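So the chains spell out like this:
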Amino acid sequence: MEISRFSSIARPIDPNYSTNRAILILMLFVIFASASFQVLSGIPPVQALIPGIRTGIYVFLAWALARELDPDNGLSAFAAAFLACVGLLYFPVPGMLPLALFLLLARILNRSTGLPAKSFDSVVILLLSSLVTLQENWIFGAIAAAAFFLDSRLSEPKRQQLFFAGIAALISAFALLRELKTGSLEGGVSEAALLEEPGLFLLILIPAIFFVPHILASHKMKSKGDLSGLPLDPKRVQVAQVTALLGALALAALEGWPGIELLIPLWSAVAGISLYGILHSLLRITGRSPG
């Protein structure tokens, strides 16, 4: 049964494309390397396979997020994947659901497939955002509500997204009130956790600043929708970029380092895209641009 009958934002990995084959090979390598390290640490092979698979998905999500945030440059996604691999040496592998949520929200905004989200897509994203909001932080519901709302207002708007935006906002408000009641927001809403740590603030501010020129440069797009074959709407792509960046910054501001660790693959995508853009500009200036 074809997934396109239910979803218009799913983007299956077609191994016929060289970049897709490359990320699949990289995933397998990361899974094997991680599982091997676990086995050498004394963990039974069967048990070692699970964290190995999680690390492979971790690297893939960095690649996939970069593909959504930089549709015109397939190579920048590998810069993101490389940075995610480096991150594995320093950070624990986070939960995958928040990252999957950001990935799907980017897709309903930029419409990288060329088609608006189907009702099934919206329901899945709402359920996912609700779960992440109640498990992690109220800000995820607010980000989902904003994305649904924007999808109902941008080009070729899908008005029914207002319904999903309202529900996501209500769930976010419920989670916020619950956190306020239990006192779990100490150091969060009342005190900006990120601002209390200047070094941490700079660590996040630098890639965020370098990502801004990329957002501005996305006013023209060459990429076409996977399914429609029509050029992507630059404004939608820019809105997806801004939403992802502001969402990651908001979580970092509320939770500090734990909020950053939760989205390391997203930050890898932001940094990887920025680094690729800088390198591409330098090569172009010296007359050695890859194209």
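Below, the structure is looked at part by part. All values reported here derive from a predicted model rather than from experimental measurement.

Some words on helix 7 (residues 161–182)
Reasoning step 1: Relative to the 32 Å expected for 22 residues at 1.5 Å per residue, helix 7 spans 31 Å between its end C-alpha atoms, a close match to the ideal helical length.
Reasoning step 2: Buried within helix 7 we find Gln161, Phe164, Ala165, Ala168, Ser172, Ala175 and Glu179. In an axial view of helix 7, the angular spread of the buried residues amounts to 100 degrees, which keeps them on one side of the axis. Across helix 7 from its buried face, at more than 90 degrees, point the exposed residues Phe163, Leu170, Leu177 and Lys181.
Reasoning step 3: Taken together, the buried residues of helix 7 touch helix 4 (97–110), helix 5 (119–135) and helix 6 (139–151).

A few points about the nonpolar core
Reasoning step 1: If you look at the biggest cluster of nonpolar residues, it comprises 66 residues, and the most contacted ones within it are Ile108 and Leu266.
Reasoning step 2: With 10 residues, the single largest contributor to this core is helix 2 (residues 45–69).
Reasoning step 3: Ignoring any residue separated from it by four or fewer positions in sequence, one finds isoleucine 108 in contact with Ile9, Ala117, Ile125, Ala147, Phe148, Asp151, Gln161 and Arg236.

What to know about the packing of helix 6 against helix 7
Reasoning step 1: Interhelical geometry of helix 6 versus helix 7 gives an angle of 165 degrees and a closest axis separation of 8 Å. With respect to each other, helix 6 and helix 7 are oriented roughly antiparallel. Seen along the crossing, helix 6 lies across helix 7 with a hand that is left-handed. In contact with Gly141, Ala142, Ala144, Ala145, Phe148, Phe149 and Asp151 of helix 6, helix 7 contributes Gln161, Leu162, Phe164, Ala165, Ala168, Ala169 and Ser172.
Reasoning step 2: Taken together, the residues of the contact of helix 6 with helix 7 break down into 10 nonpolar, 3 polar and 1 charged.

Points about helix 9 (residues 234–255)
Reasoning step 1: With 22 residues, helix 9 should cover 32 Å at 1.5 Å per step; its first-to-last C-alpha distance of 32 Å lies within 8% of that length.
Reasoning step 2: For helix 9, the side-chain oxygen to backbone nitrogen distance between the N-cap and lysine 235 is 3.1 Å, and the N-cap itself is aspartate 233.
Reasoning step 3: At the C-terminal side of helix 9, glycine 256 shows a positive phi close to 70 degrees.

Parameters and conventions
- Residues numbered from 1 in each chain as written.
- Predicted model: local features only at pLDDT ≥ 70, side-chain atom pairs only at ≥ 80, totals over all residues.
- Heavy atoms only, no water.
- Helix = DSSP H or I, 4+ residues; strand = E, 2+ residues; numbered from the N terminus.
- Expected span 1.5 Å × (residues − 1).
- Buried < 20%, exposed > 50% of the residue type's maximum accessible area, 1.4 Å probe, protein only.
- Arc of directions from axis to C-beta.
- Contact = heavy atoms within 4.5 Å.
- Core = buried A, V, L, I, M, F, W, Y, C linked by side-chain atoms within 4.5 Å.
- Axes fitted to C-alpha atoms, helices over the stretch in contact; angles between N-to-C directions.
- Parallel < 35°, antiparallel > 145°, perpendicular 65-115°, else oblique.
- Left-handed = near helix turned anticlockwise from the far one by under 90°.
- Nonpolar A, V, L, I, M, F, W, Y, C, P; charged D, E, K, R; others polar.
- Polar contact = N/O pair within 3.5 Å; in protein donor to acceptor, adjacent residues only side chain to side chain.

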